Amino acid sequence: MFNFISAKKASELLKNKKVVGIPTETVYGLAADATSKKAINKIYKIKNRPKDNPLICHFFSVKQIIEWGFILNDVEKKILKKFSPGPISLKLQLPINSKLNVATAGLDSIIVRIPSNKIFREIIKTTNKPLAAPSANTSGKYSPTTAKMVWEDLGKKVDGIVDGGKCKYGLESTIIDSSNPRLIKILRPGPIGIFELKELLGSNVKVETVKTISATPGSKYKHYAPRAIVNWFSISNKLKIKPNSVLLLTNEDLIKWKTSKYFDKNIKVNSLGSISEPDKISKNIYRKFFEIDQKKFDFIYLSKIDFNSFSDKGSGKALAERISKVLSK
Ligand code: TXA
Ligand code: MG
């Protein structure tokens, strides 16, 4: 049964080196005291996360980041001023002798984020420590965007879960490396798009999305996958839909499907929302995967969206990247 805990209780548990599922504006996280090796080890165990995959650290404010010895360049200050608290994470040099080194899997850099979710902010403030929090899912799976999703995946393993409702964005934060203030690298696309970054930084600063596997250690691992096998849906091909499948379609494809000669009312369909609103699709997509997995479908036929048509604003490109990773090759 569900027994969610309060933010106050979560802070108490975190102070005692326990591990707690918490809401953020992006996805739910699995939080622990970022200075405690014992607590960090629990995160790896609960998630079955490879030991070489480092953790993001969450802070309450820029002030707290600086108190922990980090040095920010002008571009980093500007980015945090504009987008924090919020869904953006910065890769920073780990200060010498930092107690946060237990969260970095041996790297001399660390990714920091100042979340905007009110409940999580209260928890960080009360705990009074940076909190490491990867997404609260078993390694390889999509991230949870409701407390129920955390419960179903990890409920028996964690010390508590705080229910904060549906996440605002539904995709993980944008991760950037801005150590070179003239060339900002997007290591993982997210809700803050390349458009917003360019708009803020102007034409003297280049912003590019990095595609190399080594840029984020985690990118070499499987990600975001539902249990069901994902294939493209295409109305023009002769569809040979396997038994126990569900179509996961944009509103536009749904209309085409219903009026096409291949239409079969026995095939289950689920709507993703309109292609003209990628931010809305992003908000709901992991939850759709979860609901499909709960119903034990074996195959998903997903609308073949032309992602190049998405603008660089908001979550569009991040959505494209996530979906490209869940397709069965
Ligand atoms: O929105 C988010 O960022 C969520 C919420 C909970 O804050 N967190 C999240 O964490 O998505 P996680 O661990 O699921 O993804 C973090 C990614 C991983 O791919 C990891 O390999 C990479 O960031 N990463 C962490 N530390 C790194 C570092 N020092 N250098 C390069 N990549 C790093
Ligand atoms: Mg994750």
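Fair warning: this is a prediction, and the values are worked out from it, not measured in the lab.

(A) Region of the structure containing empty space enclosed by the protein. If you walk through the whole model with that rule in mind, you get one cavity of 30 Å³ or more. The volume enclosed by the largest cavity comes to roughly 40 Å³. Taken together, A136, N137, K141, Y142, S143, P144, M149, D153 and F290 form the lining of the largest cavity. Looking at the lining of the largest cavity residue by residue, the class counts come to five nonpolar, two polar and two charged.

(B) Highlighting helix α9 (residues 278-294). Spanning 17 residues, α9 covers 24 Å between terminal C-alpha atoms, matching the ideal 24 Å at 1.5 Å per step. N284 marks where α9 bends most, by close to 40°. Most of α9 sits out of view: twelve of its 17 residues are buried. Every buried residue of α9 is listed here: P278, I281, S282, N284, I285, Y286, R287, K288, F289, F290, I292 and D293. Where α9 is buried, its residues contact α6 (147-154), β12 (245-250), β13 (268-273), β14 (299-303) and α10 (316-326). One or two positions beyond α9, positive phi appears at K296, with a value near 65°.

(C) Expanded view of the sheet that holds strand β11 (residues 229-233). Pairing is parallel in the open sheet, where four strands are placed in the order β11-β14-β12-β13. Both outer strands of the open sheet, β11 and β13, are each paired with one neighbouring strand and no more. On average, adjacent strands in this sheet sit at an angle of 25° to one another, irrespective of strand direction. Relative to β13, β12 runs parallel, the two sharing five bridges. Within the sheet, the bridge partner assigned to L248 lies in β13 and is N270. Of the strands in this sheet, β12, β13 and β14 are in contact with α9, which crosses β13 at around 160°.

Parameters at a glance
- Residues numbered from 1 in each chain as written.
- Chains lettered and ligands numbered in written order.
- Predicted model: local features only at pLDDT ≥ 70, side-chain atom pairs only at ≥ 80, totals over all residues.
- Heavy atoms only, no water.
- 1 Å grid on protein atoms, 1.4 Å probe; cavity = no way out; pocket = protein on both sides within 12 Å on 5 of 7 lines; lining within 4 Å.
- Points joined across faces, edges and corners; volume = space filled by probe spheres on them.
- Nonpolar A, V, L, I, M, F, W, Y, C, P; charged D, E, K, R; others polar.
- Helix = DSSP H or I, 4+ residues; strand = E, 2+ residues; numbered from the N terminus.
- Expected span 1.5 Å × (residues − 1).
- Bend = angle between axes of the 7 residues up to and from the residue.
- Buried < 20%, exposed > 50% of the residue type's maximum accessible area, 1.4 Å probe, protein only.
- Contact = heavy atoms within 4.5 Å.
- Pairing = 2+ DSSP bridges.
- Axes fitted to C-alpha atoms, helices over the stretch in contact; angles between N-to-C directions.

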